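Observations on chain architecture
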Amino acid sequence: MNRITQKFRDKAPDEKLMSLFLTAGFPDLDSTVDLVLGFEKNGADLIELGIPFSDPLADGPTIQYSSDIAISNGITMDKIFEMVAGIREKSEIPIILMGYMNPVLRYGVEAFCKKAAAVGVDGLILPDIPVEESALIDEFASEAGLSMVYLVAPNTADERMQLADQKSGGFVYCVSVTGVTGARSGDEVSSSVSKFIQRVRTNVTINPVMVGFGIRSHEDAQDIASNADGFIVGSALIDVMKNSYPEEGWKQAVFSFVHSLKFGK
Amino acid sequence: MNTELKTTYDQPNARGYFGKYGGKFVPEILIPVISALEEEYNTAKDDPEFVAEYHQLLEEYVGRPTKLTFADKLTAHYGKAKIYLKREDLCHTGAHKINNAIGQILLARRMGKTRIIAETGAGQHGVATATACAKFGLKCIVYMGAEDMERQKLNVDRMHLLGAEVRSVESGSKTLKDATNEAIRDWVSNPDDTFYIIGSVVGPHPYPMMVRNFHRVIGDEAKKQILEAEGRLPDYLLACVGGGSNAMGLFYPFMDDDVKIIGIEAAGFGVDSGKTAATITKGTPGILHGSMSYLLHDQNGQIELAHSISAGLDYPGIGPEHSFLHDSKRVEYYAVTDDEAMEALKLLSKKEGIIPALESAHAFAWLENLMPQTKEGEIIIVNLSGRGDKDMKTISENL
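Figured I'd write up the structure that's included with this text. (Residues numbered from 1 in each chain as written. Chains lettered and ligands numbered in written order. Predicted model: local features only at pLDDT ≥ 70, side-chain atom pairs only at ≥ 80, totals over all residues. Heavy atoms only, no water.)

In this section: the overall build of chain A. Assigned secondary structure in chain A consists of 12 helices and nine strands. Taking 18 Å as the expected radius of gyration for a compact globule of 265 residues, we find that chain A reaches 17 Å, a close match to that expectation. Here the C-alpha coordinates of chain A stretch approximately 45 × 45 × 35 Å along the principal axes. Within chain A, the fraction of its 265 residues that count as buried is 62%. (Helix = DSSP H or I, 4+ residues; strand = E, 2+ residues; numbered from the N terminus. Rg over C-alpha atoms; globule rule 2.2 N^0.38 Å. Buried < 20%, exposed > 50% of the residue type's maximum accessible area, 1.4 Å probe, protein only.)

Structure (structure tokens):
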């Protein structure tokens, strides 16, 4: 069984799984493997490893920044695959590569899927591939045994949610607010989100539901994900990395934040 | 059976594909938005009231039809085919961009949108959008790269005067590509009340098709005018290509005709200099800003910085229909350098008393290569897509 599906199967009924997004190669190339292993020790259940792209048009300033740094650090797809292989030597945490389609297309869609599966990647999230355009990659991903995770947003109609559910494997990614990625104040997110997630629950019946965008604390997560299977944190985590790096002990500061996200203070 | 059927050009398909190019590569949040737009456009384009209002505005506000001017001095200079100029420089605001801005603003109003956003490179599309918003009393926000704001200050001032807010984009190369990223981020954040007026035949479906159709008036008029003037169709069409809207506007009505069609890209310092905007000449297929098309990108799929003396051509992508027309060989694409464009700009100014936009000058520069191959009695139409006043600062620095 796929590591993602296994993880949801093993989850306690009340538990909220925590998926963490980090940009591969940020803040430097050498830290990514250690960060992922440390995240796992401190409560991460799944990892979304970001493939940096020069023009991340669904992302806010934080992820744009981390992507620019990673690119200037010399990140490449093969280096990302090496990182995943390095993580796999020590961990069975589910790993999902997340990024824009152009670097995947340039690598070669089939070659990318095969190589990703071979090094131990479990799934893919490609925000600029809506279900309409899934034909470009679905078959290759499926042949390689990679789960495709599609997104639903507050303005996604019921039928489209059902379609995303049918096309997805692992889980469905629920975007809590209309907007780009980035940490937001709690009020901005929670006011209408519970109604929305209720609607997602009604339409997404095959896969678990993970909710992301705008979560920056344990309290946010418990609130927003109360009716979901788990939550995703990206920009808030990268902000902590950005603010602590390269101070002595910066990784420990990041790990403390991760621990607090999952378990509270 | 060996009946020769006349093929009819019918791109794109229902999914927004021109051959393998185009599509809708956008975040989920934008899918309902572009689906609603597609539906509205498909209804509006067949609504006689909408069509009549659009054409009335083009006539009374934009100043259409624009003239087709016989360039007798330029023709004499080369001494071969007759050169005609399609005078988009005479449009209100000084370039063809207003045709599309008017069309899209009518759609925005029809859809009840109250907030208009746009991206701009040279500032021509920004000015056109700000103009249309002023005319229709809609809030207008234009995203423009910080570097472009510097080299096109005149257009920034014009937009301010027209009541638009111009937001400086400091990310990436600080040019058109980054302004487009920022406009899309705004759109993703405000999908309900905001209409994004894309300025070229780029972006997700239905934009490439819709923008082309709002500009086809250029080709429709040119066809009628050349038939009146010469009693026959031209042998050549020539236009500059950045995103490619003025070119598609001129080319589209001639697709099924026996006319040789040529698009000219900006080579910048030269196609192999690493400082170029010649997307078809130097690029390979990829995905940027919502569609699959030729792109300038490195081996890791990171988008490369384009360079052109002309801010309007300084873009690492190109409209998906041009990619299709290149692959299918219906249109030939070549590139000319910054210097060649400047020389052509000077020549047209001196010979015809018309200062073209730096963008349009690229098309004229190709006459140096094309004219020796032409014969007396043949006819060329060059799209003079905009006037050069906005470029005077750059022109002065390069004289």
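Once you've had a look at it, read on.
This next bit is on the state of the cysteines. Disulfides are covalent bonds that link the sulfur atoms of two cysteine residues. Scanning the entire structure with this criterion turns up zero disulfides over all chains. Cysteine C140 of chain B is unpaired, with the sulfur of C133 of chain B as its nearest cysteine sulfur at 3.8 Å. (Disulfide = S-S within 2.5 Å.)

The partner chain B presents 35 residues to the 35 residues of chain A that form the contact. Of the roughly 2800 Å² buried between chain A and chain B on both sides combined, carbon and sulfur atoms contribute 53%. Interface area lost by chain A to chain B is led by L57, R106 and E133 of chain A, which between them contribute 24%. Inspection of the region where chain A meets chain B yields three salt bridges. (Contact = heavy atoms within 4.5 Å. Buried area = accessible area lost by both parts, 1.4 Å probe. Salt bridge = Lys/Arg side-chain N within 4 Å of Asp/Glu carboxyl O.)

What follows covers the pattern of salt bridges. Tallied over the full model, the rule gives 46 salt bridges over all chains. Note that D138 of chain A is salt-bridged to K167 of chain A, the shortest N-O span being 3.7 Å. Pair noted here: D138 of chain A is in helix α7 (residues 138-144) and K167 of chain A is in helix α8 (residues 158-167), with a separation of 29 residues, a long-range link. With its nearest N and O atoms 3.3 Å apart, the salt bridge here joins D178 of chain B to K177 of chain B. Each of the two residues, D178 of chain B as well as K177 of chain B, counts as buried.

To continue, consider the sheet that holds strand β3 (residues 95-99) of chain A. All names here are of chain A. Read across the sheet, nine strands follow the order β5-β4-β3-β2-β1-β9-β8-β7-β6 without closing on themselves; strand pairing throughout is parallel. Of all the strands in the sheet, just β5 (147-148) and β6 (151-152) have a single pairing partner and so form its edges. Alignment of strand β7 (residues 172-175) against strand β8 (residues 209-212), held across four bridges, turns out to be parallel. Paired with V175 across the two strands is G212, which belongs to β8. (Pairing = 2+ DSSP bridges.)

Residue and element names in this part refer to chain B. Strand order across the open sheet formed by six strands is β3-β4-β14-β9-β10-β13, with mixed pairing between neighbours. A strand with exactly one partner marks an edge of an open sheet, and here the two such strands are β3 (68-70) and β13 (331-337). This sheet shows a mean twist of 25° between the axes of neighbouring strands, independent of strand direction. The pairing of strand β4 (residues 82-87) with strand β14 (residues 379-384) spans six bridges and is parallel. Its bridge partner lying in β14, R87 is registered against L384. (Axes fitted to C-alpha atoms, helices over the stretch in contact; angles between N-to-C directions.)

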